[in-house]
Amino acid sequence: QQAEADLTAKTLADQIGAFAAQYPMEVDYSAILLGIPGTADMDLSARDLLYPDIAHERFPVAPLYFQQDYPNTMYGNFSLVTYGCGITTMSMLATYMTDTELSPPTMCKRYGRYCSLHGSDPTLFIYPPAEMDFYLKEQVFNSAPALKALQEGYIVVCLQKKGMWTNGGHFLLLEKLNENGTVQVRDSNL
């Protein structure tokens, strides 16, 4: 199973590299927005993790890291490309919160023990932040407090379930709520 997953990850990385070389593109990541339906009880996530903002000089916004940019990086016993949305999201959050570049490979080496056959253990977002001098403020399980936290300037890490935005479990970093009611999202998966 591991060999098959590794081969799939390598094949995917090779294909993405070939397509990128053949079809160069320019992306304005600041324009990637996720609309919010008008209902207060929308199914935003299974778990939302809230973090307070701090002053930033090197990283005034959360960076965007893609799992596919690290095809040979292992996260625990698994490929970052196929099992790494959680640790890649943590890399974005940690880089922003500490104002220090903490790339996905660095975080994989540091926190590989949080990876299993089911992906990242959600406690990755509870315990390691304290080691990096920021902290989890609150863990919530529906969208209303997550949206309120975004309005108050917090960052939200959400664990998606199969539904509107993803085909299965997937971590996303919700960076801010824009004036027009959309959420600025950092998604580790192309």
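Residues numbered from 1 in each chain as written. Predicted model: local features only at pLDDT ≥ 70, side-chain atom pairs only at ≥ 80, totals over all residues. Heavy atoms only, no water.

**With respect to the environment of glutamate 57**
Phase 1: Residue position: glutamate 57 is located in the loop between strand E2 (47-51) and strand E3 (74-75).
Phase 2: In this structure, the C-alpha to C-alpha distance between glutamate 57 and tyrosine 96, residues 39 residues apart in sequence, is 9.6 Å. (Helix = DSSP H or I, 4+ residues; strand = E, 2+ residues; numbered from the N terminus.)

**Some points on the nonpolar core**
Phase 1: Counting residues in hydrophobic clusters, the biggest one holds 30 residues, and the most contacted among them are Tyr75, Ile87, Met90, Leu93, Met107, Leu124 and Met132.
Phase 2: Residue assignment for this core shows that the elements contributing at least two residues are helix H2 (80-83), helix H3 (85-98), helix H4 (104-111), strand E8 (155-160) and strand E9 (170-177).
Phase 3: Broken down by element, the residue count for this core peaks at eight residues, all from H3.
Phase 4: Discounting chain neighbours no more than four positions away, the residues touching methionine 107 are Ile87, Met90, Ser91, Ala94, Leu102, Gly112 and Met132.
Phase 5: Within the second largest apolar cluster, eleven residues are counted, among which are Ala146, Leu147, Leu174 and Val183. (Core = buried A, V, L, I, M, F, W, Y, C linked by side-chain atoms within 4.5 Å. Buried < 20%, exposed > 50% of the residue type's maximum accessible area, 1.4 Å probe, protein only. Contact = heavy atoms within 4.5 Å.)

**Focus: the pairing of E9**
Phase 1: Burial analysis of E9 places six of its eight residues in the buried class, which makes it a mostly covered element.
Phase 2: Judged from the five bridges that link them, E8 and E9 form a sheet pairing that is antiparallel. Paired with valine 156 across the two strands is leucine 174, which belongs to E9.
Phase 3: Where E9 folds back onto strand E10 (residues 183-186) in an antiparallel hairpin, the turn is made up of five residues, including glycine 181, whose phi is positive at roughly 90°. (Pairing = 2+ DSSP bridges.)

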